[in-house]
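Remarks on the overall topology
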Amino acid sequence: MAIEPGAGDSSLTDPSETSSPIAEATEAAAQLSTDEQPLGPLGRRLNRRAPFLIGLTAAAGVAVTYGIVELIINLESILVLIGLALFIAVGLEPAVAWLIRRHLPRWLAVLIVFFAVLALVGGFLATAIPVVVAQSTELAERIPAYLHELQNHNSLIGKLNDRFHIQQRITTLLNSQGSGLATGLLGAGKAVFSALTDFFVVVVLTIYFVFDLPRIRAAGYRLVPASRRPRAILLGDEISGKVGAYVLGNVLISLIAGVLTFGWLLIFQVPYALLLALTVAVLDLIPVVGSVAGGVVVCLVALTVSWPVCLATIGFYVVYRFAEDYLLVPKIIGGVVKVPALVTVVAVLLGGALLGIIGALVAIPIAAAVLLLAREVVFPRLDRT
């Protein structure tokens, strides 16, 4: 039943208030109320162009954006670990998909891939650690001899020391750090513990991501409007394929670099061959600058053998660098990733500046994804305008 005028709160029906705005609104409310809609129909929408609403929306947008930025900054380390684990999971997905195409259930395919990776890593470490420890101990025992040779003005290292003041620079560095030695050792212990913790976190997250990757993929595509979802699926799967091909290809190229370095050092009897080969293999995971940094380290050690060996090692790395850039990378991952050389260098530099080694590792596939989206989405829209 409709509300009769004058019904309700007596303050609204006081004779002295019969001409007030509240009384007029009460009468209008009584006319709006019906049996079907006792509380009246919906009113007109607010004017979105009203200055107050525009200001309120803008202020709310700034506040929300600021809050999101602050949240990302505070959770940067955790987000980097999550992103790295997802990156590795996408890289392992091609191997899992290959096993699934052989009619294996996904859980079994994931277990096989992880046990294979653990077996390779475990076997490699079991073989390499004793040799690395022995060579590291030998290097530590030879450090006094190297320091003594620095003071010998007739030796090669002594001549280099006279020219570049190597010993003075090392002494200055040690003196500047000597007062905080205990703090430095404690900090090193914390860094090692933190690195191990991050490693296990990444491993556990990677396992979960690989198991749930189809559901993560489906949930991500559900966030896209239905009208655009098929196109998003095509683009997203293409990007995932590029990431997977890049991860596996980059690991394979790094293994090749390590094996070739190990063989070269054995031929010329350069000390610490396995230790240096492992260093080169790990550094070569970093695009563009990794193999160069590894080559510099190896050449410096080769210098302790003789000048000819050092020069030959420099030539070896120059040749290998060209072979990697123009033979290995194009054959193994170049046909899938398709990132120009200039974009590769810029992406690695920016990624390294923003996120360090992890940023340099993921820079190329991210650049490949950006180029794909620009070529398939941005440029066609710009061409039509």
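Residues numbered from 1 in each chain as written. Predicted model: local features only at pLDDT ≥ 70, side-chain atom pairs only at ≥ 80, totals over all residues. Heavy atoms only, no water.

The helix and strand tally for the chain stands at twelve helices and zero strands. Going residue by residue from the N terminus, the α and β elements of the chain occur as α-α-α-α-α-α-α-α-α-α-α-α. By sequence separation, contacts in the chain at least 24 residues apart represent 64% of the contacts at least 6 residues apart. Accessible surface, the chain as shown: approximately 25,500 Å² in total, 72% of it carbon and sulfur. (Helix = DSSP H or I, 4+ residues; strand = E, 2+ residues; numbered from the N terminus. Contact = heavy atoms within 4.5 Å. Areas by Shrake-Rupley, 256 points an atom, 1.4 Å probe, with all protein chains shown as cover.)

Running from N to C, helix α3 (residues 76-100) and helix α8 (residues 229-267) cross one another at 90 degrees; their axes reach a closest spacing of 7 Å. The angle between α3 and α8 falls in the class roughly perpendicular. Contacts between α3 and α8 involve F87, V90, G91 and P94 on the former and, on the latter, S240, V243, G244, Y246, V247 and L248. Looking at the contact of α3 with α8, its residues break down into seven nonpolar, three polar and no charged. (Axes fitted to C-alpha atoms, helices over the stretch in contact; angles between N-to-C directions. Parallel < 35°, antiparallel > 145°, perpendicular 65-115°, else oblique. Nonpolar A, V, L, I, M, F, W, Y, C, P; charged D, E, K, R; others polar.)

Glancing now at α8. Taking 1.5 Å per residue, 39 residues should reach 57 Å; α8 reaches 57 Å between its end C-alpha atoms and fits that length. Just past α8, the residue Q269 takes up positive phi, approximately 55 degrees. (Expected span 1.5 Å × (residues − 1).)

Between side chains of opposite charge, a pair can form as their charged atoms come close. Enumeration over the complete set of coordinates arrives at seven salt bridges. The residue R106 makes a salt bridge to E93 at a minimum N-O spacing of 2.8 Å. Of this pair, R106 sits in helix α4 (residues 106-150) while E93 is found in helix α3, placing the two residues 13 residues apart along the sequence. Judged by its relative accessible area of 17%, R106 is buried. Each member of the salt-bridge network shares a partner with another, and the members are R231, R375 and E376. (Salt bridge = Lys/Arg side-chain N within 4 Å of Asp/Glu carboxyl O. Buried < 20%, exposed > 50% of the residue type's maximum accessible area, 1.4 Å probe, protein only.)

What follows deals with the nonpolar core. In terms of nonpolar packing, the biggest core is built from 38 residues, with Y246, L265, V270, L276 and V337 touching the most fellow members. Put simply, the parts of the chain that give this core at least two residues each are α3, α8, α9 (273-283), α10 (290-302), α11 (307-337) and α12 (341-384). Tallying contributions element by element places α12 first for this core, with ten residues. Residues L81, L84, A85 and F209 belong to the second largest nonpolar core, which totals 14 residues. (Core = buried A, V, L, I, M, F, W, Y, C linked by side-chain atoms within 4.5 Å.)

What follows concerns the side chain of R321. By the element assignment, R321 lies in helix α11. Looking at R321, the relative accessible area reads 18%, which means it is buried. When near neighbours in sequence (up to four residues on either side) are disregarded, R321 contacts V288 and S291.

To continue, consider the packing of aromatic side chains. Evaluation of the coordinates by the stated rule reveals four aromatic pairs. Taking 4.6 Å as the distance between ring centres and 15 degrees as the angle between the ring planes, the aromatic pair formed by W264 and F316 counts as stacked. On the criterion of sequence distance, the pair formed by W264 in helix α8 and F316 in helix α11 is long-range, its members being 52 residues apart. Per residue, the accessibility class of W264 equals that of F316, and both read buried. Ring geometry for F316 versus Y317: centroids 5.0 Å apart, planes at 75 degrees, classification edge-to-face. Neither residue differs from the other here; F316 and Y317 are each classed as buried. (Phe/Tyr/Trp six-rings, centres within 6.5 Å; stacked < 30°, edge-to-face > 60°.)

Bringing the side chain of T261 into the picture now. The residue T261 is located in helix α8 in this model. Classification of T261 by relative accessible area gives buried; the value is 2%. Separated by 2.8 Å, the side chain of T261 and the backbone oxygen of A257 make a polar contact. Only 2.9 Å separates the side chain of T261 from the side chain of Y317, close enough to count as a polar contact. (Polar contact = N/O pair within 3.5 Å; in protein donor to acceptor, adjacent residues only side chain to side chain.)

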